[in-house]
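Single-letter residue listing:
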There are 2 protein chains.
Amino acid sequence: MVPGVDDLPSWLLTQTAAQAGRLVAAEFAAEGARGYHYRLLRSLIDEGPASQADLGRRTGIHFSDVVASLNELTTGGWIARTPDPADRRRNVVTITPTGLHRAEVLATRAAAVQDHLLAPLSQEERAAFVATLTKLLHHLRPHESEE
Amino acid sequence: MVPGVDDLPSWLLTQTAAQAGRLVAAEFAAEGARGYHYRLLRSLIDEGPASQADLGRRTGIHFSDVVASLNELTTGGWIARTPDPADRRRNVVTITPTGLHRAEVLATRAAAVQDHLLAPLSQEERAAFVATLTKLLHHLRPHESEE
DNA sequence: CACTAACGTTAGTTGCCCTAACGTTAGACG
DNA sequence: CGTCTAACGTTAGGGCAACTAACGTTAGTG
């Protein structure tokens, strides 16, 4: 291992994340999905139907990318959009039975990746790692943690 | 914090890395540089002049992106490319005094980011975190660790 | 001499993250 | 009631990292 750049925590973090991201992306691609799709579906499952703007706020996905991703999910029949009669500016997005099923499949795939990702770590190390990442993420992105 | 996606280690990892990456990118951008530039300059400093192919192998940057990045570094006068008389397929890339200085500035900037990134952690937690990331990276990218 | 591989270049794609401009709708204010 | 600001959603695009594919030149091997 060379000294210098390779021991910068930020570099280690981004390189490890890139590898982890590839693993997850490969699993999702096998199901015809992407990371944004899963994030949106999970938000709908966990927090119920929402406007597109709310989905963007919940998931951290930029509103313009929410539009594109919801278009893809609509095409696949995984979600449905309906205008909100109470506020015609808004669509209300709901997950469909198909989408629910797809999300479950994606969740299973994502869970399997975690085991591979964290294979070299003991249970105690895993817990510590997750706690550290959570702490750092709250530090770096405080507005998300105020939820 | 919502359950589900948000507690997947891979998600925490990629979100934290994205934030860390933005911090580093902002510092480098202020110096007219990018992450690839720094990685290439550091490799030249730490391991000496090299062919483009070797630089790609050392840094993990894809050979086509090495070309593009070296073009930018050449334009800025931070590196020089000369054909290798021993093998005319190759260029030998060397860092210039300007490049050496720029790399030092970038190193200082990058180091400052690490302090911000890891601010919520104690020294012991920082060491553990770096050790864990290193272990995971070796696991996920074994060919790099054989160096 | 033919073939394979290495080297470097060019052009492009994908996904994540982001910016900008626009039209429609809602609510506040005078 | 009209004007203004903001919210919502859409469209089009960019930057960066990471990656793929095709091509021409050079080197080494059989």
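The preceding data block contains the structure.
So, here's what we can say about the structure. These figures come from a predicted structure and were not determined experimentally.

Moving on, we come to the interface of chain B and chain A. Listed per partner, the contact involves 47 residues of chain B and 47 residues of chain A. With both chains or domains summed, chain B and chain A bury close to 4800 Å², and 73% of this area falls on carbon and sulfur atoms. Here chain B is connected to chain A by 2 salt bridges. For the salt bridge of B:K135 with A:E125, the shortest nitrogen-to-oxygen distance reads 3.1 Å. Of all the secondary-structure elements, those providing two or more residues to the side of chain B that touches chain A are α1 (9-30), α2 (35-47), α5 (97-117) and α6 (123-140) of chain B. The dominant element in the side of chain B that touches chain A, judged by the number of residues it contributes, is α1(B), at 14 residues. By residue class, the composition of the side of chain B that touches chain A is 26 nonpolar, 13 polar and 8 charged.

We now examine the relation of the copies chain B and chain A. Each copy of the sequence occupies a distinct position, and chain B is placed on chain A by a rotation of 180° and an axial shift of 0.1 Å, giving an RMSD of 0.1 Å. The superposition of one copy onto the other is thereby described by a two-fold rotation axis. Most of the interface of chain B is mirrored in chain A: 100% of its interface residues are interface residues there too.

Reading guide: rules and limits
Along each chain, the written sequence defines residue order, and numbers are assigned to residues from 1. Chains carry letters from A onward and ligands carry numbers from 1 onward, assigned in written order. Since the coordinates come from a predicted model, pLDDT governs what is reported: local features require at least 70, and pairs of side-chain atoms require 80 or more to be given and counted, while whole-chain, interface and lining totals use all residues. Computation of side-chain values: all heavy atoms of the structure, hydrogens and water removed. Residue contacts follow a heavy-atom distance rule, with two residues in contact if any of their heavy atoms lie within 4.5 Å. Two parts lose some accessible area (1.4 Å probe) when they are put together, and adding that loss for both gives the buried area. Here, a salt bridge means any Lys or Arg side-chain nitrogen found within 4 Å of an Asp or Glu carboxyl oxygen. Helical segments are the DSSP runs of H or I of at least four residues, strand segments are the runs of E of at least two, and each set is numbered from the N terminus. The residue classification treats Ala, Val, Leu, Ile, Met, Phe, Trp, Tyr, Cys and Pro as nonpolar and Asp, Glu, Lys and Arg as charged. All others, Gly included, are polar. Superposition of the copies used a least-squares fit over C-alpha atoms from residues whose pLDDT is at least 70 in both.

Without other data, these values stay purely geometric and don't point to any function.
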